[in-house]
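# Structure at a glance
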Amino acid sequence: MTSPDLIHELRESRPAAPTDLRARVREIAREESVRVPVRSRFRLPVRRGALVALPAAAALALVSAGAIGLSRSDGSETAALESNGALTLNSSRAPTAETTTQTLSGSDEKRTALDSAVGPTAGRAQRVSATLTVEVKNSDGVSRAAQEALDLTRRLGGHVVSANVVTGEEGSAALTVRVPVDRVQEAVVQLSGLGRIVSQQVKIDDLQGTLDRLDRRERSVQAQIAILVARLDSDSLDATTRARLEARLTNLRGELRTLRRGIAGTNAEARMATVQLAVVTPDSGAVAPASRLDRALEEALNVLVWEGVIVLAILIVAAPFALVAFAAWLGRRLYRRREEDRLLAT
Amino acid sequence: MKLRRTENVHAVTLEAPRTGHAAAPSFAAVAEELLDDVYGYLLYMTKNWAIAEDLTSETFETALRRWRRFDPRRGTHRAWLLAIARSVALDWFRADARRRRREERSGVDALHEEREPAFGEGLSAELQEALRALSAGEREVVALRIVLDLEGEEVARLLGITPTAVSTRLHRALGKLEERMRDHDVA
């Protein structure tokens, strides 16, 4: 008998299910209408789920980066002046805030907005620092502006901390001066008038809390010293107790000296404001303030980079586990295959 | 000679694929249509009609439980049901092997209920005998490729092997059958 004959005979004698089995299977099939697993209707195959989830995750990452970029470019504590001269001022300066920063970039006709918004609070110890960049037409303008700034500092009762003036084709000047804190607004206004404002930032750190703490501690130490002195004046103390109290008195007096130095230093810090002035020319490469779109893009890019870093970190951590799981799956599959071959070889 | 046999097998077995089912048939309709296929496959695998009947019932019970998960884009109803049947059969083979090992260990000479094999009405006794002599793996490929007339690719997917391996296994099985039949003729 040849293979075609065998094949013919095998096909002609195809097994047919007996009647009782057919009845049994029909009985099973009748349960179809009864068994409708609700849960399985919503099953999403893994591959199809991944096809949806991956682009969705990427889109979410992009959208969140864009949203964060936009919100950050707005700046909750920054007054930003766009290059076209439109002013947006969003100051969230609270009376109890430890630090307040305000930034202004643009032409000097908007200066008054910042002048009115910024300034030390009377009666509170505050560290005030201002940073200004003004642009003058040429190198001569740089020298003139630097000289005027130095004169102004002296007039206001301040002093120069550092001055660096470069003349030539790309002249520039960098001055750091200290002026009495109650005259810092006047200084900022007048220094801003030296040229076109490129950027302006005023920062106020509240020192009152620190000063109050130092004062309280000073009073407490003074009271303790008075008590100790009174006890040491009595004759009823034994030598050991006296020695212990004297040592403590010495420590407290040392602490009192340190506290007084701290209070004096803080008061000195609060009396004078630091103003940093940069005078530039158009040729000296002063960077124009970025537009809101640029800032938004930059922030969005930063967020995307961070998202990428997080994803990479997760991948690095998960990769060994995934490899182990894959190896286990592969091993199990191989074992099953061999077992099947063995079973079917009988 | 062997090459000619290969050509013949392909010439005989390769037919146009069966048309797929139209708009979502019911489980009852699919069961009715494919019951003979599943039963035939399991009969060839187990060589025992009673076991084949039980496993067929079990296959359809499992299939009903998984009915909602069937995805027609991933294969036909027949391939899906045969995959379930194969899994059920392998489970039975495992249980049977365990049972045999237990019996061997306890020294019990078990009474194996070897019923007269009936691979199909009209098969000669010699061919039945020759089929019994094949391994389960060989009978499986004969059942799928010849009796049920599945495509080589479909069988390969079902068995988790390459189409070439399917062909090789089939040719080996047919060769053994041919040899057995020749021996019978000589005797």
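Residues numbered from 1 in each chain as written. Chains lettered and ligands numbered in written order. Predicted model: local features only at pLDDT ≥ 70, side-chain atom pairs only at ≥ 80, totals over all residues.

## A word on the overall build of chain B
To keep things clear, this is the line we draw: Under the DSSP-based scheme used, a helix requires at least four consecutive residues in state H or I and a strand at least two consecutive residues in state E, with every element numbered from the N terminus. Burial in this document is a count-based property: other C-beta atoms within 10 Å of a residue's C-beta are tallied, and the residue is buried at 20 or more, exposed at 12 or fewer, or partly exposed in between, with C-beta positions derived from the backbone. Here the contact rule is simple: place C-beta atoms from the backbone, and any two residues whose C-beta atoms are within 7 Å are in contact.
Helix and strand counts for chain B stand at 8 helices and 0 strands. Of the regular secondary structure in chain B, the N- to C-terminal order runs α-α-α-α-α-α-α-α. The buried share of chain B, reckoned over its 187 residues, is 36%. Within chain B, counting contacts between residues at least 6 apart in sequence, those at least 24 apart form 70% of the total.

## Let's talk about the overall build of chain A
Scanning chain A from N- to C-terminus turns up 10 helices and 8 strands. Sorting the 346 residues of chain A into buried and exposed places 23% on the buried side. Contacts in chain A between residues at least 24 apart in sequence constitute 77% of all its contacts with a sequence separation of at least 6.

## As for the interface of chain B and chain A
Threshold: Residue polarity is assigned by list, with Asp, Glu, Lys and Arg as charged and Ala, Val, Leu, Ile, Met, Phe, Trp, Tyr, Cys and Pro as nonpolar; anything else, Gly included, falls into the polar class.
Taken together, the 45 residues of chain B in the interface contact 35 residues of chain A. Here the side of chain B that touches chain A is composed, by residue class, of 24 nonpolar, 11 polar and 10 charged.

## Considerations on the pairing of strand β8 (residues 272-280) of chain A
Residues and elements named next belong to chain A. Selection criterion: One requirement defines pairing of two strands: DSSP has to find at least two bridges between them.
Both strand β4 (residues 126-135) and β8 contribute to a ladder of 7 bridges, which runs parallel. Across the sheet, residue Ala-130 finds its bridge partner in β8, namely Val-275. Across 9 bridges, the pairing between strand β6 (residues 172-180) and β8 is antiparallel. Of the residues in β8, the one forming a bridge with Thr-176 is Gln-276.

## Topic: helix α3 (residues 49-65) of chain B
To keep it simple, the criterion reads: Any helix carries an expected span of 1.5 Å times its number of residues minus one.
Here α3(B) contains 17 residues, and its C-alpha end-to-end distance of 24 Å stays within 8% of the 24 Å for a straight helix at 1.5 Å per residue. Those residues of α3(B) not exposed but buried are B:Trp49, B:Ala52, B:Glu53, B:Leu55, B:Thr56, B:Thr59, B:Phe60, B:Ala63 and B:Leu64. At its buried positions, α3(B) is contacted by α2 (19-30) of chain A together with α2 (27-46) and α4 (77-106) of chain B.

## What to know about the packing of α2(B) against α3(B)
Residue and element names in this part refer to chain B. Keep this limit in mind: Only the stretch in contact is used when fitting a helix axis, every axis being a line fitted to C-alpha atoms; angles between N-to-C directions are given from 0 to 180 degrees. Here the word oblique covers every angle except those under 35 degrees (roughly parallel), over 145 (roughly antiparallel) and from 65 to 115 (roughly perpendicular). Left-handed describes a crossing in which the near helix is turned anticlockwise from the far one by less than a right angle; the clockwise case is right-handed.
At a closest axis distance of 9 Å, the pairing of α2 and α3 adopts a crossing angle of 140°. It follows from the interaxial angle that α2 and α3 lie oblique. Pair α2 / α3 crosses with right-handed handedness. Judged by residue contacts, Phe-27, Ala-31, Val-38, Tyr-39, Leu-42, Leu-43 and Thr-46 of α2 engage Trp-49, Ile-51, Ala-52, Leu-55, Thr-56, Thr-59, Phe-60 and Leu-64 from α3.

## What about the confidence of the model for chain B?
Residue and element names in this part refer to chain B. In plain terms, the rule: For every residue, the predictor states its confidence as a pLDDT score lying anywhere from 0 to 100.
Averaged over chain B, the pLDDT score is 82; the fraction of residues at 70 or greater is 80%. Low pLDDT, under 50, characterises residues 1-21; the predicted model gives this stretch 20 contacts beyond four residues in sequence or across chains. The complex prediction reports pTM at 0.50, with the ipTM value standing at 0.79.

## Overview of the nonpolar core
Residues and elements named next belong to chain B. Rules: Each nonpolar core comprises buried Ala, Val, Leu, Ile, Met, Phe, Trp, Tyr and Cys residues, the members being joined through C-beta atoms within 7 Å. The split of the chain into domains comes from an automatic or database domain assignment.
Membership of the largest hydrophobic core comes to 57 residues, with the highest contact counts inside it found for Val-38, Tyr-41, Leu-42 and Val-142. Broken down by element, this core gets its largest block of residues, 12 residues, from α2. Taken domain by domain, this core gets at least three of its residues from each of domain 1 (27-115) and domain 2 (121-187). Excluding its chain neighbours within four sequence positions, the residues that come into contact with Leu-42 are Ala-52, Leu-55, Thr-56, Ala-85 and Ala-89.

## Some points on the environment of A:Gln147
Within the secondary structure, A:Gln147 is located in helix α6 (residues 139-155). Between the alpha carbons of A:Gln147 and A:Val165 there is a distance of 9.7 Å; along the sequence they are 18 residues apart.

## Focus on unusual backbone geometry
Residues and elements named next belong to chain B. Not every positive phi belongs to a glycine, and Lys-47 is a case in point at roughly 60°. By the secondary structure assignment, Lys-47 is in the loop between α2 and α3. Judged by the 19 C-beta atoms lying within 10 Å of it, Lys-47 is partly exposed. In this structure, Asp-149 takes a positive phi of about 60° despite not being glycine. Its place among the elements puts Asp-149 in the loop between α6 (136-147) and α7 (152-159).

## Points about the confidence of the model for chain A
Residue and element names in this part refer to chain A. Summing up the model confidence of chain A, the mean pLDDT is 80 and the portion of residues at 70 or higher is 80%. In this model residues 76-97 is a low-confidence stretch, pLDDT under 50, and it forms 41 contacts with partners more than four residues away in sequence or in other chains. The model gives residues 106-117 a pLDDT under 50, and that stretch makes 27 contacts with residues more than four places away or in other chains.

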